[in-house]
There are 2 protein chains.
Amino acid sequence: MAKLNTHYRQLKREYIFPIIEEKLFSFKEKFPLAAVVNLGIGDVALPLASSIATAIENATREMTTVTGMRGYGPSEGYLFLREAIVNQEYPSVGITPDEIFISDGTNSDASSIHELFSSANRVAIVDPTYPVYLDANIMAGRGGRVTLLPCTKENQFCPTPPSDHFDLIYLCTPGNPTGVAMNRSLLEQWVAYALKEKAVLLIDNAYSAYVTSSDVPKTVYAIPGADEVAVEFRSFSKSAGFTGLRCAYTVLPKKVLKGKLYPMWKKRQSTKSNGVAYPIQRGAEAALSGHGATETRAQVATYQANARRLKAALSSRGFTVHGGIDAPYLWWEVPEGTSSWEFFDHLLTTCHILAIPGRGFGAHGEGFIRLSAFTTPEQVTTAEAALCALE
Amino acid sequence: MAKLNTHYRQLKREYIFPIIEEKLFSFKEKFPLAAVVNLGIGDVALPLASSIATAIENATREMTTVTGMRGYGPSEGYLFLREAIVNQEYPSVGITPDEIFISDGTNSDASSIHELFSSANRVAIVDPTYPVYLDANIMAGRGGRVTLLPCTKENQFCPTPPSDHFDLIYLCTPGNPTGVAMNRSLLEQWVAYALKEKAVLLIDNAYSAYVTSSDVPKTVYAIPGADEVAVEFRSFSKSAGFTGLRCAYTVLPKKVLKGKLYPMWKKRQSTKSNGVAYPIQRGAEAALSGHGATETRAQVATYQANARRLKAALSSRGFTVHGGIDAPYLWWEVPEGTSSWEFFDHLLTTCHILAIPGRGFGAHGEGFIRLSAFTTPEQVTTAEAALCALE
């Protein structure tokens, strides 16, 4: 009989979303007229920018012509998009277009990069974080070699390099769910650690568009030496409203692991992927310059303003809230003696606000609630008023 | 130091495409005025159907509105598309929409399905075939447990079930590169084998739209019992001109391996994928009914007519050509004493026709040339005339 991959059984995470759904359902049964402000979701809320839509439409229509038809594109993405990314996002850090690999999501790339490595490596993953890094390693039978790096109040949610050796380190900065980003000094420490240990940093940087602090680099490649040790995952999802359009990219510099990793990823991608839809790549290109850049920057600014308002509203009521400066998430300390789930319930029934209990992102998320700023200013106003009920 | 996945070194396939590129380049240097008829490429040639473009455009514009914006979609694809697929492609074989998983390509799915299985399984893969099944297994360290099932003239390029046990069997029917499809009787044998051995059939059926023989089922699920043993990969690439748009699907019935496989694939997909762009799924939906279905059927008919004409032109000149009836590929027997590469060269320099040497698809492809019908009728006319030079 065909034998199954038994490592899937080790996926023991508490699946919070079905529980949240159930709690929301019960709430709505009890209070059918109550309007819930959804600050739980990590998905964009504003409509797609018009200039992106126009670019997608034009590219699609182009494909209906004999000269404009496009079949299989390059698995690593069209050069026009890779060049636009380098010009806009990596203008002066030495990254070249052939070090950019377009994909349908950071999710896909961050969950498959482990394939390039031996399962004998020692892996470290920040906790709490986006669950995919850990789950992908568990599913591939690598769970037993993973060590969690706690992101706690003590380290301001950004762990420093450990004293012992790791080969692969998954970092997420600006951090989801904590909303806190690593500053230059800490990134320098991580790059120095990786250079010394001959390790590879796998950095999810999907929220770089939200960075506002002057001491937080928008990319790890601003740190000298990072191009020898770091792979960076970036996305159009949160910077340009692409969660429903699927376009992201991985930056894998040729110098990483003395040039050995680059041809493997290239091989992996050309074998397992046929790239991203041509019109979607044209849409992503449109987000990077001209009117598209203006439109998407305005969307990011809206979410940033939402985050600032929510943070101010909570702080003024005496709550302790982290994040929200360099990321669209707030990491709200749950009152002493209350669990994440208890505070989630309290927030829902008292304020009609939906949040996410921090433990859904890992054990070290207990004691916190994640609030997302991916909503409209109007909903923030409603939330501000609703928070009075907590007093 | 981070240790690499050494299995990549076992990818020893001859990479024919760079060699073809080089040969084409030399040819064009020598004969700068010669027009080459490209019958090598497995990519669609006709422009995108207008009604598909309209559906994509409309869906994109819809996303610019407050009510029409779509963020993350379901990782398994939108229900509207899964329902349309069942209605159009599986109307009476018992497949339900929740057994359809939308993805960005058969490539992605066929190269990752092995992840659900233990590496202790014995794997069989047809040869010659689309290289990805084997390469994905090699890259995952499973190459040592793979046995090739030769597709030869003796078995009409469709192997019968072996006498010994295998757990996973990769089949490709209608076959790429052979252009030959398994008939009902043979599929029945394979289903019976899999039921007896408790094995799983992994069937690449990307060319089902090209089936014309009455004894060739368009899906394996036309065979009773197949829904207990078979996973089928289907695509819009070749049926609706989607190679540049990226939309495909995997059919994974709940009954396979007594229900154990289904939740694993669902888990795998929801962890590693955020689905396919909403406008692209609307485009795929448009290809399945109304004017879109008429347009795409006409495209398929054009390629089918191309295949018939090329086959007739070769047969009338005394060549032996297989396939082309249920698939857009011809499998041309190279004259006795000539290698695939020699005949490739001969065809290019004598007829200015670009083909693919069969050995590029596996060892058992030696002695054959693949001709693709994915071209325009005008190019076929040019090719017909050019073939005279072979006499």
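Residues numbered from 1 in each chain as written. Chains lettered and ligands numbered in written order. Predicted model: local features only at pLDDT ≥ 70, side-chain atom pairs only at ≥ 80, totals over all residues. Heavy atoms only, no water.

### Side note on the relation of the copies chain A and chain B
Going by this rule: Our superposition of the copies is a least-squares fit, built on the C-alpha atoms of residues whose pLDDT is at least 70 in both. Residue contacts are defined here by distance: any two heavy atoms, one from each residue, within 4.5 Å place the two residues in contact.
Superposition record for chain A on chain B: RMSD 0.0 Å, screw rotation 180°, translation along axis 0.0 Å. Overall, the copies show the geometry of a two-fold rotation axis. When each C-alpha of chain A is compared by its distance to the rotation axis, Glu-57 of chain A comes out closest, at 2.5 Å. Both copies contact each other with a shared surface, as 100% of the interface residues of chain A are interface residues in chain B too.

### Observations regarding the packing of helix H5 (residues 132-139) of chain A against helix H8 (residues 261-272) of chain B
The condition that has to hold: Every axis in this analysis is a line fitted to C-alpha atoms, fitted for helices over the stretch in contact. Angles between the N-to-C directions lie between 0 and 180 degrees. Runs of E in the DSSP output that reach at least two residues are strands. Runs of H or I that reach at least four are helices, and both are numbered from the N terminus. By definition, any crossing whose near helix is turned counterclockwise from its far helix by less than a right angle is left-handed, and any crossing with a clockwise turn is right-handed. Classification used: nonpolar for Ala, Val, Leu, Ile, Met, Phe, Trp, Tyr, Cys and Pro, charged for Asp, Glu, Lys and Arg, polar for all others including Gly.
Where H5 of chain A meets H8 of chain B, the axes come as close as 10 Å, and the angle between the chain directions of the two elements is 145°. Crossing of H5 of chain A over H8 of chain B shows left-handed handedness. Of H8 of chain B, the residues touching H5 of chain A (which contributes Val-132, Asp-135, Ala-136 and Met-139 of chain A) are Lys-267, Arg-268, Thr-271 and Lys-272 of chain B. Classifying every residue of the contact of H5 of chain A with H8 of chain B by side-chain character gives three nonpolar, one polar and four charged.

### With respect to the interface of chain A and chain B
Formally: By buried area we mean the combined loss of accessible area, with a 1.4 Å probe, across both parts when two parts are placed together. For this analysis, a salt bridge means a side-chain nitrogen from Lys or Arg found within 4 Å of a carboxyl oxygen belonging to Asp or Glu. Think of a polar contact as two N or O atoms within 3.5 Å of one another; within protein, one of them needs to be a possible hydrogen donor and the other a possible acceptor, and neighboring residues in sequence only count if both atoms come from side chains.
Counting from both sides, the interface comprises 74 residues of chain A and, opposite them, 74 residues of chain B. In total, chain A and chain B occlude about 6000 Å² of area from one another, counting both sides; carbon and sulfur atoms represent 60% of this. On the surface where chain A and chain B come into contact, there are four salt bridges. Where Arg-61 of chain B meets Glu-57 of chain A, a salt bridge forms, and the shortest distance between an N and an O atom there is 2.9 Å. The interface formed by chain A and chain B includes 26 residue pairs in polar contact (both at pLDDT 80 or more). For the side of chain A that touches chain B, the secondary-structure elements that each account for two or more residues are helix H2 (50-62), helix H4 (106-112), H5, helix H7 (261-272) and helix H8 (278-287) of chain A. By residue number, the principal contributor to the side of chain A that touches chain B is H2 of chain A, which donates seven residues. Its residues assigned to classes, the side of chain A that touches chain B shows 35 nonpolar, 22 polar and 17 charged.

### Notes on the confidence of the model for chain A
Low pLDDT means the predicted coordinates in that region are not meant to be read closely. The test is simple: A score from 0 to 100, pLDDT tells how confident the predictor is in each residue.
With 100% of its residues at a pLDDT of at least 70, chain A reaches an overall mean of 96. Across the interface, the model reports ipTM at 0.97; the global pTM reads 0.97.

### Things to note about the packing of aromatic side chains
All names here are of chain A. Heads up, the condition is: In summary, the pairing rule links any two rings of Phe, Tyr or Trp, Trp by its six-membered ring, whose centres are within 6.5 Å, and it sorts them by plane angle into stacked for under 30 degrees, edge-to-face for over 60 and tilted for everything else. Each residue's exposure class comes from its accessible area (1.4 Å probe, protein chains only) as a fraction of the maximum for that residue type: buried when under 20%, exposed when over 50%, partly exposed otherwise.
Overall, the coordinates contain 42 aromatic pairs over all chains when judged by the stated rule. Pairing Phe-157 with Phe-368 gives two aromatic rings, centres 5.4 Å apart and planes at 90°, and the pair type is edge-to-face. Of this pair, Phe-157 sits in the loop between strand S4 (146-150) and strand S5 (168-172) while Phe-368 sits in strand S13 (residues 368-372), placing them 211 residues apart in sequence. On the accessibility criterion, Phe-157 (4% relative accessible area) is buried. Phe-368 sits in the buried class, given a relative accessible area of 10%.

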